[in-house]
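The residues making up each chain are set out below.
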Amino acid sequence: MQKFSAIEYHRPDLAQIHALIDQTAQILRTAPDAEHALAAFTDYRTQSAAFETMYSVAHIRSTMDTTDPFYEAEMNFFHENLPALSVREKTVTQAVLTSPFRDAFAQHFGTPWLRRLESAQRLADEAIIPEQIEQAKLEQAYAKTVAGCSVSFRGETCNFYALLRHMQNPDRSIRRAAFTAWSELYRSVSDTLDEQYSALVQLRCRMAQKLGYPSYIEMAYEMHGRYDYSPANIAAFRDEVRRVITPVCTELFEQQRRRLHVDRLHWYDEALVFPQGNPVPRGTVAQLLDAAQKMYRALSVQTGEFFDFMKQYELFDLPSRPGKHMGGYCSYLPSLNAPFIFSNFNGTSADVDVLTHEAGHAFASFTAAKFVPLSDLIWSTNEINEIHSMTMELFTYPWMDLFFGEQAEQYCYAHLCQCLCVIPYLCCVDEFQHKVFENPAMTPAQRRAAWRQSEQSLMPWRDYEGSDFLQSGGFWMQKQHIFLYPFYYIDYALAQLCAFSLFDAYQTDRQAAWQRYLALCRAGGTMGYFQTLQSAGLTPLFQPGAIEAAVIPIARQLLRANL
Ligand code: ZN
């Protein structure tokens, strides 16, 4: 294998792939025995993995430089052709599902995999191709609107990301000004964002209607592979968060208010955990990577091997640059069994959060690839995948001195607080989206009111002093998942509570907890949600008392610490 920068990209030959699909479907329909059928399908997936690898390379490179016209054109090529390709692929899926050797497929790849194929059958439909293409264009327009936003702040041209650093400034007037500049940026494009979101909502509803779902909510649940629970379970989960977690967060923010010596904790104070400033990682990107390598070698044999591989093939793009896509993510190159980590380091502790979080995803995929029989089974559904990443953030606490020196304890406290206090917000984003798709005709003003209502009940501590825009419910606009990844957010809340359970166990028996984590990573996507949880000794959160059991040890630990 080569370093990432040396991987040669070439546009996949669509005609060749279409021929491969037709040929595979034909072989599957006429296979004389299970062995032939399985071999044909495995061969097909190996060849299509090469296509997916080229897609991932183009996607990663287009995000590394959003102004690069070559990869922008390549991404347009994929966006225009993928919907038709997935419809064509239905002939292969159909041949598997109706195969006389279906049982052999189930035995080999698991029944959850077959269930996913059935979903893919329902979701890929010629009828919605125009909407899918339109959706991709609108999503790109949204990303451009947000990427184009910048403001001059204290003599520096700042985008949303660059402002984050100032938003934690120990000087209250500076962080207030940074938060105000940040919200002003969103307000200045809010009409455009409202229009883009309304169009996306209408499009998504139209797709659901064409496919025969009662609403987009049911379609989204199927897209996310949520087979083991329903919107009603999730609504009950949010109510439990309101009942159990919201009061703990309110108490933690009250402790923070006293620590900061302020009369009221305004929204621009929430990010500053310690009056003298939040801990920041020391060193250059290269030094942080060296520290991470040392840490992963110490954590376990498996993580050491994994991180050495990532470094050897330079499977990272970490520093922030003009023109780079916002945020952080982990991608995967199936043909090479190689993950890739993307981030926008900005000199705050979030750099370490992203590094450990995305490394959790990367490690899980790197590990699963060795155990699952098919590259489709490397990832599970998101409520499981996010356990991999969020648990890794917590399991690396013992080595935080490598990044933060004597501020390590403060970092871990602030990080754990944030893990807990963000849960009501995650539920807010989820509740908002349910409301939007229950009432897709809502006006922008009604949507803001709906957001504010959820926010006030889940996050009663939130005080938007001085910002009419946010006071009236404008805060939802800053969440890119709402625009780009509908209904992907509650997954983080479900996963965080499972990560808490594993972390609680880790604090008493590191080895045993590590083995449970490893079992979860190895399972990949081979099992259903509840079954995967079970494989790591985790209780589904919809059982009575499960949320309390997961959260109370952590809440106690934090309230007692009050650093
Ligand atoms: Zn993640």
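Above this note sits the structure.
Residues numbered from 1 in each chain as written. Predicted model: local features only at pLDDT ≥ 70, side-chain atom pairs only at ≥ 80, totals over all residues. Heavy atoms only, no water.

Draft legend 1. Molecular detail of the overall build of the chain. Per the secondary structure count, the chain includes 25 helices and 5 strands. In terms of C-alpha radius of gyration, the chain reaches 24 Å, essentially the compact-globule figure of 24 Å for 563 residues. In terms of principal-axis extent, the alpha carbons of the chain reach across some 75 × 55 × 50 Å. When the 563 residues of the chain are sorted by exposure, 58% land in the buried category. Taking contacts inside the chain between residues at least 6 apart in sequence as the whole, the part at least 24 apart equals 76%. When the accessible surface of the chain is summed, it comes to about 22,700 Å², and 52% of that surface belongs to carbon and sulfur atoms. (Helix = DSSP H or I, 4+ residues; strand = E, 2+ residues; numbered from the N terminus. Rg over C-alpha atoms; globule rule 2.2 N^0.38 Å. Buried < 20%, exposed > 50% of the residue type's maximum accessible area, 1.4 Å probe, protein only. Contact = heavy atoms within 4.5 Å. Areas by Shrake-Rupley, 256 points an atom, 1.4 Å probe, with all protein chains shown as cover.)

Draft legend 2. Examining the coordination of the zinc ion more closely. Protein coordination of the zinc ion is provided by H357 (NE2), H361 (NE2), E386 (OE) and E386 (OE), with donor distances spanning 2.1 to 2.6 Å. One way to put it: the 4 donor atoms around the zinc ion meet at angles of 53 to 145°, and that makes the site irregular. Written as a sequence motif, the donor arrangement for the zinc ion is H-x3-H-x24-E. Of this pair, H357 and H361 both sit in helix α14 (residues 350-368), separated by 4 residues, roughly a single helical turn. The exposure classification of H357 matches that of H361, with both residues buried. (Donors = N, O, S within 2.8 Å, 3.2 Å for Na, K, Ca; no water. Tetrahedral: all angles 85-135°; square planar, octahedral: opposite > 155°, others 65-115°.)

Draft legend 3. Seen up close, unusual backbone geometry. The phi torsion at R154 lies on the positive side, around 45°, for a residue other than glycine. Checked against the element boundaries, R154 lands in the loop between β1 (151-153) and β2 (156-158). Although it is not a glycine, E314 sits at a positive phi angle of roughly 50°. Inspection of the secondary structure assignment puts E314 in the loop between α13 (301-312) and β3 (316-319).

Draft legend 4. Structural detail: helix α10 (residues 216-223). Counting buried positions along α10 gives 6 out of 8 residues, so the element sits mostly inside the fold. Where α10 is buried, its residues contact α5 (111-123), α9 (190-210), α11 (231-260) and α18 (423-438). For α10, the N-terminal capping position is held by S215, with its side-chain oxygen 3.1 Å away from the main-chain nitrogen of I217. Once α10 finishes, G225 follows within two positions and takes phi at roughly 65°, a positive value. (Polar contact = N/O pair within 3.5 Å; in protein donor to acceptor, adjacent residues only side chain to side chain.)

Draft legend 5. Seen up close, the packing of aromatic side chains. Counted according to the given criterion, the structure contains 63 aromatic pairs. Here the aromatic rings of Y529 and F530 are separated by 5.6 Å at their centres, their planes lie at 40°, and the arrangement is tilted. Judged by its relative accessible area of 6%, Y529 is buried. The class for F530 is partly exposed, based on a relative accessible area of 29%. Its guanidinium or amino end placed over the ring of F342, K324 lies 4.7 Å from that ring's centre, counting from NZ or CZ. (Phe/Tyr/Trp six-rings, centres within 6.5 Å; stacked < 30°, edge-to-face > 60°. Lys NZ or Arg CZ within 6 Å of the ring centre and 35° of its normal.)

Draft legend 6. A look at the environment of T443. Among the structural elements, T443 can be located in the loop between α18 and α19 (444-458). C-alpha of T443 to C-alpha of G110: the two residues are 333 residues apart in sequence and 45 Å apart in space.

Draft legend 7. Quick peek at the environment of L416. With respect to the helices, strands and loops of the structure, L416 is situated in helix α17 (residues 408-421). Residue L416 is classed as buried on the basis of its relative accessible area, which comes to 3%. Taking the C-alpha atoms as reference points, L416 and D308, separated by 108 residues in sequence, lie 28 Å from one another.

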